[in-house]
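# Geometric and topological summary
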Amino acid sequence: MTPSRIRARLGMWNLAVFGLVLLVTITAAALSIARVSDLAIDRELQLGAARAATRMAHAWAESDRHERDDERRDEGHDRAPEEDDHDRLVHFAEASPDQFVIAARGGAPAVRIDGRAMPPGLPDARALASAQADGAAVRSSGTVAGARVRMLTVPVRIGGRVAGAVQIVRSLTAPERAVWRSVLVLVITGVAGLVLAAAASAFLAGRAMRPIAAALARQQRFLADASHELRTPVTVLRARADAMLREGEGLQPSVKDELRRLSADADELSLLLGDLLDLARLEAGVESLSIEPVAVGDAAEEMVADLAPMALERGVALVAKAEPAFARAHLGRVRQVLRALIDNALKHTPPGGHVTVSVSRESQHAVLRVADDGEGIAPEHLPQVFDRFFRADEARTRGAGGGGAGLGLAIAAELVHQMRGTIQVESVRGRGTTFTVRLPR
Ligand code: ADP
């Protein structure tokens, strides 16, 4: 993983954690705001109901006394008691646009005690009856003129006896709106915080990565320099061994064998150094690939033709099944990837086996497949095949000659990523292996 990828991932994780914490905090805050508002409404209803009940108890006691006096004084005269009652109730008005106070006495029709018209949906007659019957407060809710309301109905006692009930009705529109407004403010602040956090985490991730990136770059440069510097002496070593073999007519056969082995080892070492240099350069981003349309179908056919002698030598049938397809890639690097995959397939397929290189098109990608019916890869090794220096069977690949250092697939995967493609492997032990490379079209 390159420093810029690590940095992006670090930033994303930071942001994800912060976002999650923010979400939990906002949800908790919104819930507690709603709860506090709920409790405040209940408290207001309780206080209002207690106050109205006390006032109504006085009013009704007074009105009863007047009624008794009037009856005694005006015996035989006509009178209009309802008007009197109403007049005596008016001064208890609790006028407020989102609150009603209603009083009822026995089965008599309830009146709004500020004397204005009762809105449809009010009163809650069942609560009024129940509060008077049971002598206990009743909490209820409903809808009045399209607005949700909460109600508290309490009995009114005169001299310990239940004489009637008052009902306080409060519209929930304003408190609900206040809660929503607070939540909105929280969300807006949260989003703003998230944007700031994104900027901060990108900045901090960048700063945190700087020394790591520098150390990585130093290491890659060292690797590139070391492999580059080592290639010359290794080439010289091989040339000397070859020269001694050519010129040393009288050498003993055992010495000649040693020289031949020396030359082969130097050859292998030189290839390994080449791979190391390649990988170090790729990872350091020294060379940026020039991306252009590449006829990958043709590239596959050419590569199959190039490697036909090697397939023949190994007794493996190598065929190409390529549709014409273009990819946005780098021709040289596509050839390198194909060579690595086909080379591996030929190495790991016994004589009589088959290796098929196919190219097809998907909506977004050109798809290159290298499939063999060779030895396959054990499931536990599959996740590691693209790791550097990974070899499924070290002893055998080494001894068999031509076995690499386990860098071929690591380089191929890095090249495919640099061309913004993907590489996958599927394999069944004893049945064969298929490598699939997808490159953007
Ligand atoms: P090497 O240089 O050893 O070939 P690679 O990176 O190319 O290294 O491959 C890593 C390992 O993956 C190989 O050693 C081999 O065990 C396994 N492998 C790769 N291709 C195949 C294949 N087509 N069939 C079976 N095993 C494979």
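Residues numbered from 1 in each chain as written. Predicted model: local features only at pLDDT ≥ 70, side-chain atom pairs only at ≥ 80, totals over all residues. Heavy atoms only, no water.

### A closer look at the confidence of the model for the chain
- Per-residue confidence for the chain averages 86 on the pLDDT scale, and 89% of its residues sit at or above 70.
- Here residues 79-93 is a poorly scored stretch, pLDDT under 50, and it has 20 contacts once near neighbours within four places are set aside; other chains count.
- Counting interchain partners and residues more than four positions distant, the pLDDT-below-50 stretch residues 395-402 has 6 contacts. (pLDDT = per-residue confidence, 0-100. Contact = heavy atoms within 4.5 Å.)

### Overview of the site of the ligand
- The immediate surroundings of the ligand are formed by 19 residues, with Asn-344, Asp-372, Ala-392, Gly-406 and Leu-409 found nearest.
- A distance of 2.8 Å separates an oxygen atom of the ligand from a polar atom in the side chain of Asn-344.
- At a separation of 2.9 Å, a nitrogen atom of the ligand approaches a polar side-chain atom of Asp-372.
- Summarising the interface, the protein chains cover 97% of the accessible area of the ligand, which totals 530 Å² for the free molecule.
- Those elements giving two or more residues to the shell around the ligand turn out to be helix 7 (331-347), helix 9 (408-418) and strand 12 (432-440).
- Residues belonging to the shell around the ligand are distributed by class as follows: 9 nonpolar, 7 polar and 3 charged. (Near = heavy atom within 4 Å. Polar contact = N/O pair within 3.5 Å; in protein donor to acceptor, adjacent residues only side chain to side chain. Areas by Shrake-Rupley, 256 points an atom, 1.4 Å probe, with all protein chains shown as cover. Helix = DSSP H or I, 4+ residues; strand = E, 2+ residues; numbered from the N terminus. Nonpolar A, V, L, I, M, F, W, Y, C, P; charged D, E, K, R; others polar.)

### Overview of the nonpolar core
- Formed by 47 residues in total, the largest nonpolar core has its most connected members in Val-296, Val-334, Leu-338, Ile-342 and Leu-439.
- Contacts of Leu-439, omitting those with residues within four sequence positions, involve Val-296, Ala-327, Ala-329, Val-334, Gln-364, His-365, Ala-366, Leu-368, Val-416, Met-419 and Gly-421.
- Membership of the second largest hydrophobic core comes to 16 residues, among which are Ala-57, Trp-60, Val-156 and Ile-168. (Core = buried A, V, L, I, M, F, W, Y, C linked by side-chain atoms within 4.5 Å. Buried < 20%, exposed > 50% of the residue type's maximum accessible area, 1.4 Å probe, protein only.)

### A look at the sheet that holds strand 9 (residues 354-361)
- Sheet architecture is open: 5 strands sit in the order 7-9-10-12-11, paired in mixed fashion. A strand with exactly one partner marks an edge of an open sheet, and here the two such strands are strand 7 (317-322) and strand 11 (422-428). Strand-to-strand twist of the sheet, defined as the mean angle between neighbouring strand axes without regard to direction, takes the value 10 degrees.
- With 7 bridges joining them, strand 11 and strand 12 adopt antiparallel strand pairing. Counterpart to Ser-427 in the pairing with strand 12 is Thr-433. (Pairing = 2+ DSSP bridges. Axes fitted to C-alpha atoms, helices over the stretch in contact; angles between N-to-C directions.)

### Let's talk about the environment of Arg-240
- Looking at where Arg-240 falls in the secondary structure, it is placed in helix 4 (residues 173-247).
- We classify Arg-240 as exposed; its relative accessible area is 59%.

### Details of the pattern of salt bridges
- Applying the stated criterion across every chain, the model contains 19 salt bridges.
- A salt bridge links Asp-64 to Arg-105, with the nearest nitrogen and oxygen atoms 2.7 Å apart. Here Asp-64 is found in helix 1 (residues 3-73), whereas its partner Arg-105 is found in the loop between strand 1 (99-104) and strand 2 (111-112), with 41 residues between them in sequence.
- Given a relative accessible area of 27%, Arg-105 falls into the partly exposed group.
- Put simply, Asp-343 and Lys-347 hold a salt bridge, and the shortest N to O gap is 3.9 Å. (Salt bridge = Lys/Arg side-chain N within 4 Å of Asp/Glu carboxyl O.)

### Observations regarding helix 6 (residues 296-314)
- The end-to-end C-alpha separation of helix 6 is 26 Å, in line with the 27 Å expected for 19 residues at 1.5 Å each.
- Within the sequence span of helix 6, burial applies to Val-296, Gly-297, Ala-299, Ala-300, Met-303, Val-304, Leu-307 and Ala-311.
- The first or second residue beyond helix 6 is Gly-315, which carries a positive phi of 70 degrees. (Expected span 1.5 Å × (residues − 1).)

### As for empty space enclosed by the protein
- One pass over the structure, following the stated rule, counts 1 cavity of 30 Å³ or more.
- What lines the largest cavity is Val-334, Val-337, Leu-338, Leu-341, Leu-368, Arg-369, Val-370, Val-416, Met-419, Phe-435, Val-437 and Leu-439.
- Examining the composition of the lining of the largest cavity, we find that 4 residues originate from one element, helix 7, more than from any other.
- Residue composition of the lining of the largest cavity, by class: 11 nonpolar, no polar and 1 charged. (1 Å grid on protein atoms, 1.4 Å probe; cavity = no way out; pocket = protein on both sides within 12 Å on 5 of 7 lines; lining within 4 Å. Points joined across faces, edges and corners; volume = space filled by probe spheres on them.)

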